[in-house]
Amino acid sequence: MKKKLVSMLLVSCMAVTMLAGCGDTIEVPVTPDSTEPVTTVTGDEGNGGEEVAVDPLAFAAGTELRMATGYNSAATGIVFDSETIAKVNKVTVDEDAIREQMEADGKTEEEIAAAIEEAKQEAYSGLTITLADGNTYMAGDLKPTWVEVQNRLGMTFTSVYQGNSAAKEFDYWKEQLDQVDMVSGTATKLNEFGETGAIVNIAEYLDLMPNFRAYLEANPIVRLSITGNVDTGAIYFSPYFDGVDDIERMPLMRTDWVVALLDGEGEFTADACNNTKPAAYQPYMPLSGSVDIEVVSLDGTSVETITKNYDAAGNIVQLMNDAGTLSGVEAVNMLRNYIDVAYDGYYGTTRSNLFVGQNAAWDADELVALLRCVVANPQTLNGTDSVQGVFSREDANNQRRVDMFRFCGTLFGVRGLESRQDYLYVGTDGQLHDARQEEETYEALLRMYDMVKEGLISEAFVNSQSESTKSYLENDNGFMHYDYNQTQTIYNEQGVLDADAGERYMAVMVPVARWYDGTNADGVYMRFTESWRSVKTDGWGISAAGVEGNQDKLYAALKLIDYAYSAEGTILMSYGPDAFIKTNSDGSYVTFSFNGVEMPEISDATRAELWEKASGNYTNYARQFLGSTLSFMKSQAFEYQCTTAAGREGAGYISTAIGLGTIHHPELGLAENSWYTSVPATLPTTTADNDLINSYTDLATNFSSAKGDDKINVLVNIIVSGNGGAVAGFGSPSEAVATVADTYNGRQYLTILNTAWEEDQDFYASLGN
């Protein structure tokens, strides 16, 4: 049963005029959550002058859509896979034993693979799973979200998804697109094939899609990001948002350790400690003068200005460097005294609030000072003689190691290191710039290398060894990293951290840095995050060959896309069906305020099941069991409810700061100051452009963010070793820029994209005409 939404997700309206038969047309308003017919026709002789509702995307009930769509694996398609159900039932197949026996018998790899698959089919046969909606499912059954879409809209779905990434899935089907109706793909591939006519141009049908059109009109950068051809305005895929217009990654710390070191009356004492290493890191912040910073008041109700007084206190890094080797106790007391003097007693004896409070104002130098204190005081913090400072989610995984240079950009005011597209950002001149071709990028990375030399970044990261957030936290051996809040603070309630003993791992405020946004030639000291949710680079397209000659299929696919961008559709694609949502006695949703909008609460059974089946990981639960958050527009409201108390507290501080304007971020529109314009996730490059860009292989292979032992990212290498590692040409910042710009064809790459960016803006301006 459809529940009444307490608050609308989308508030803009439009009017749609359609001509039906030979009757007169009446222009009627269409709200973005409308799933009802959008046209009222009167005066038709066949209906006696009565009003008749006409759905412009009407299709035959039961129209089948063949879906080659999913997120990234067989477990995250629209149907249940046998492995997921077997895992829930704790049924396993000993693949190693089968392989060992068959290898001993001299069997081929193909025979071994076939035998393992046969054993799985036998072991998994008949297994079922019962979810919080009370329904029982088997492998191959549609997941609850897609059952509900069928029920609400009237089409049927058949999954032909091969369980690949978007790029590989499209590659699998690109020569046989007549076998599918909708297909996953990267924006680049879908645009490329769309230009050949292989993918349907959705823009031709926007007048029939009120919800989707309203969303694009309200979010210019989204429209620019999905425009495949600026001459025609073509759109070849429905965009995917893993949350939108909200912060993505943030710093996370063992906040209890900060409290242990910095808070309290008198001096810090410890029975044992280590010494700091010889100083390598040099000051980033000023040595003299003062810097005024806007912070949120401790109670979260207002904005106040505090001053970092370097004339009175000095720069903490310089003070420590001048003092030479310090004991851990001496380092802590030096930092305590600095905080008291630099902030004129503002933080009182709760000095930890400089880093972990709602009114935090920390910067890179203060963090380095804190890290020196942490790594020199393991005896106090974990009872051993060593502890690691900054780590990544998986220190041996290139896909996670790149978060270290993303954090670097946030620390030292460097744009483009956390871009929505490659390493690009929009400068104050309105042009695209590439962080890989800016000297300040490499200067900041070398600051991180100085931190490595002091032992402030984890040994496992430096040596690419298999340590993870979980292992660091369960062994009390890691202090902080930069990542997503919900999935990483989950360890507060998984028995990894001892909450009863006060152990807490939570998000902390974005740091203060000097950013050159064009408003001051000397830069502006402020908080800014480039980690801002917008369009992902994958989406779902409609196969022209699949729906050719079949309007029912075409309209059913268009209807699915349009519905997904309605308020009702967004709830379904985020939460799953109503059975997973908490309701009042009258059937309406129980709601809570999320970013100023009333959003549904998940049911108690859903919450319990999420922990039971997915260990509290919302994203895994939604994709693997509900079939939601696979594409389209995902609200973060569900995820927020699944976040631990510590996770909600830290994220709440950041959310309050964003709301009160003390954290700046890119805008999903064409900002008056172009520096604040979010880079579109894709640009309307031509096939010839793409061929040329694809020929610049060094740009891709040497700056990869993908998972794999064979993947290289020079930016990570510079953090670890101070140069490009095995890749030549990165000995100094100026040499690195020249290598990328000239040897790697970065200059030509940027010229191509700037041309596309200018065309994109011209196209958008033309829409207003």
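Refer to the preceding data block for the structure.
Residues numbered from 1 in each chain as written. Predicted model: local features only at pLDDT ≥ 70, side-chain atom pairs only at ≥ 80, totals over all residues. Heavy atoms only, no water.

Caption draft 1: Structural detail: the overall build of the chain. Tallying secondary structure elements over the chain gives 33 helices and 29 strands in all. A globule of 769 residues ought to have a C-alpha radius of gyration of about 27 Å, and the chain, at 28 Å, matches this closely. Expressed as lengths along the three principal axes of its C-alpha atoms, the size of the chain is roughly 90 × 70 × 60 Å. Out of the 769 residues belonging to the chain, those deemed buried represent 58%. Considering only residue pairs separated by 6 or more positions, the chain has 72% of its internal contacts joining residues 24 or more positions apart. Accessible surface computed for the chain: about 29700 Å², of which carbon and sulfur atoms make up 44%. Of the charged side chains in the chain, 49 are positive and 112 negative; the average position of the first set lies 4 Å away from that of the second. (Helix = DSSP H or I, 4+ residues; strand = E, 2+ residues; numbered from the N terminus. Rg over C-alpha atoms; globule rule 2.2 N^0.38 Å. Buried < 20%, exposed > 50% of the residue type's maximum accessible area, 1.4 Å probe, protein only. Contact = heavy atoms within 4.5 Å. Areas by Shrake-Rupley, 256 points an atom, 1.4 Å probe, with all protein chains shown as cover. Lys, Arg positive; Asp, Glu negative; His and termini not counted. Charge placed at Lys NZ, Arg CZ, Asp CG, Glu CD.)

Caption draft 2: Highlighting the side chain of Gln641. Along the chain, Gln641 falls in helix H27 (residues 637-641). Under the relative-accessibility criterion, Gln641 is labelled buried at 8%. Only 3.0 Å separates the side chain of Gln641 from the backbone oxygen of Pro600, close enough to count as a polar contact. A distance of 3.2 Å separates a polar atom in the side chain of Gln641 from the backbone oxygen of Ala637. Sequence-distant contacts of Gln641, defined by excluding residues within four places in its chain, comprise Tyr575, Phe592, Pro600, Glu601, Ile602, Arg607 and Arg648. (Polar contact = N/O pair within 3.5 Å; in protein donor to acceptor, adjacent residues only side chain to side chain.)

Caption draft 3: Representation of a negative patch on the surface within the structure. Together, Glu195, Asp231, Glu758, Glu759 and Asp762 line one region of the surface with negative charge. Inspection of the secondary structure assignment puts Glu759 in helix H33 (residues 746-767). Residue classification places Glu759 among the partly exposed positions, given a relative accessible area of 36%. (Patch = residues over 30% accessible without salt bridge, like charges linked within 9 Å, V, L, I, M, F, W, Y side chains within 5 Å. Salt bridge = Lys/Arg side-chain N within 4 Å of Asp/Glu carboxyl O.)

Caption draft 4: Structural context of unusual backbone geometry. One non-glycine residue with positive phi stands out, namely Lys90, at about 60 degrees. Residue position: Lys90 is located in the loop between helix H1 (82-88) and helix H2 (95-104). Exposure remark for Lys90: the relative accessible area of 75% places this residue in the exposed category. Even without a glycine there, the phi angle at Asp344 is positive, about 55 degrees. Relative to the elements of secondary structure, Asp344 occurs in the loop between helix H12 (328-342) and helix H13 (353-356).

Caption draft 5: Fine view of the pairing of strand E16 (residues 290-296). Bridge count between E16 and strand E17 (residues 303-309): seven bridges; the pairing is antiparallel. What sits directly across from Val291, in E17, is Lys308. Linking E16 to E17, which pair antiparallel, is a turn of six residues; within it Gly300 sits at a positive phi near 80 degrees. (Pairing = 2+ DSSP bridges.)

Caption draft 6: Looking closely at helix H23 (residues 551-564). In a regular helix each residue adds 1.5 Å, so 14 residues correspond to 20 Å; H23 covers 20 Å between its end C-alpha atoms and thus fits that length. Across the 14 residues of H23, 12 count as buried, placing the element largely inside the fold. Inspection of H23 places Lys553, Leu554, Tyr555, Ala556, Ala557, Leu558, Lys559, Leu560, Ile561, Asp562, Tyr563 and Ala564 among the buried residues, and these make up the whole buried set. (Expected span 1.5 Å × (residues − 1).)

Caption draft 7: Region of interest: the packing of H23 against helix H24 (residues 567-575). Relative orientation of the contacting elements H23 and H24 amounts to 90 degrees, with a least axis distance of 6 Å. Classified by the angle between their axes, H23 and H24 sit roughly perpendicular to one another. Along the contact surface, H23 presents Leu560, Tyr563 and Ala564, while H24 presents Glu568, Gly569, Thr570, Leu572 and Met573. Its residues assigned to classes, the contact of H23 with H24 comprises five nonpolar, two polar and one charged. (Axes fitted to C-alpha atoms, helices over the stretch in contact; angles between N-to-C directions. Parallel < 35°, antiparallel > 145°, perpendicular 65-115°, else oblique. Nonpolar A, V, L, I, M, F, W, Y, C, P; charged D, E, K, R; others polar.)

Caption draft 8: Representation of the pairing of strand E15 (residues 249-254) in the model. Summarising burial for E15: six of the six residues are buried, a large majority. Taken together, the five bridges between E15 and strand E21 (residues 478-484) define a ladder with antiparallel strand orientation. In the sheet register, Leu252 faces E21, and the bridge partner there is His481.

Caption draft 9: Broad picture of the packing of aromatic side chains. Within this structure, the stated rule accounts for 34 aromatic pairs. Ring geometry for Tyr215 versus Tyr565: centroids 5.9 Å apart, planes at 40 degrees, classification tilted. Of this pair, Tyr215 sits in helix H7 (residues 210-218) while Tyr565 is found in the loop between H23 and H24, placing the two residues 350 residues apart along the sequence. For the residue pair Tyr215 and Tyr565, the accessibility class agrees, reading buried in each case. Relative to Phe638, the ring of Tyr618 lies with its centre 4.4 Å away and its plane at 50 degrees, an arrangement referred to as tilted. Pair noted here: Tyr618 is in helix H26 (residues 618-626) and Phe638 is in helix H27, with a separation of 20 residues, a long-range link. Three or more aromatic residues link up through ring pairs in this structure, and these residues are Trp146, Phe157, Phe212, Tyr215, Trp540, Tyr565 and Phe632. Geometry around Phe461 places Arg401 over its ring, the cationic atom sitting 4.4 Å from the centre. (Phe/Tyr/Trp six-rings, centres within 6.5 Å; stacked < 30°, edge-to-face > 60°. Lys NZ or Arg CZ within 6 Å of the ring centre and 35° of its normal.)

Caption draft 10: Layout of the sheet that holds strand E9 (residues 156-159). As summarised here, the arrangement of the five strands in space is E9-E6-E10-E25-E13, forming an open sheet in which the pairing is mixed. Edge strands, defined here as strands with exactly one partner in the open sheet, are E9 and strand E13 (238-239). Examined bridge by bridge, strand E10 (residues 182-186) and strand E25 (residues 538-542) share five bridges and lie antiparallel to one another. The residue bridging Val183 from the neighbouring strand is Gly541, located in E25. Sitting on the sheet, H23 is in contact with strand E6 (64-68), E9, E10, E13 and E25, with an inclination near 60 degrees to E6.

Caption draft 11: Up close: H7. The element H7 is extensively covered by neighbouring structure, given that seven of its nine residues are classed as buried. Taken residue by residue, H7 has Pro210, Asn211, Phe212, Arg213, Ala214, Tyr215 and Leu216 as its buried positions.

Caption draft 12: Representation of the packing of helix H9 (residues 255-262) against H12. Two elements in contact, H9 and H12, have axes separated by 9 Å at closest approach and are oriented at 85 degrees. Classified by the interaxial angle, the pair formed by H9 and H12 is roughly perpendicular. Contact with H9, carried on its side by Ala260, Leu261 and Leu262, involves Val332, Leu335, Arg336 and Ile339 of H12 and no other residues of that element. For the contact of H9 with H12, the per-class residue count stands at six nonpolar, no polar and one charged.

Caption draft 13: Structural detail: the pattern of salt bridges. Counting across every chain of the model gives 36 salt bridges. The shortest N-O distance in the salt bridge between Arg436 and Asp434 comes to 3.0 Å. With respect to class, Arg436 is no different from Asp434; both count as buried. Between Arg747 and Asp742 there is a salt bridge, with its nearest N and O atoms 2.5 Å apart. Judged by relative accessible area, which is 48%, Arg747 ranks as partly exposed. One connected set of salt bridges, linked through shared partners, spans Glu148, Arg152, Glu568 and Asp578.

Caption draft 14: Molecular detail of the environment of Asp340. Assignment of secondary structure puts Asp340 in helix H12. Each C-alpha atom of the pair Asp340 and Arg351 lies 7.8 Å from the other, and the pair is 11 residues apart in sequence. Look past the residues within four positions of Asp340 in its chain and what remains in contact with it is Gly345, Gly348 and Arg351.

Caption draft 15: Structural view of the environment of Ala364. In this fold, Ala364 is placed in helix H14 (residues 364-375). When its relative accessible area of 2% is taken as the criterion, Ala364 is described as buried. As a C-alpha pair, Ala364 and Leu411 span 47 residues in sequence and 5.5 Å in three-dimensional space. Apart from the residues lying within four places of it in its own chain, the contact partners of Ala364 are Tyr281, Tyr284, Leu411, Phe412 and Val512.

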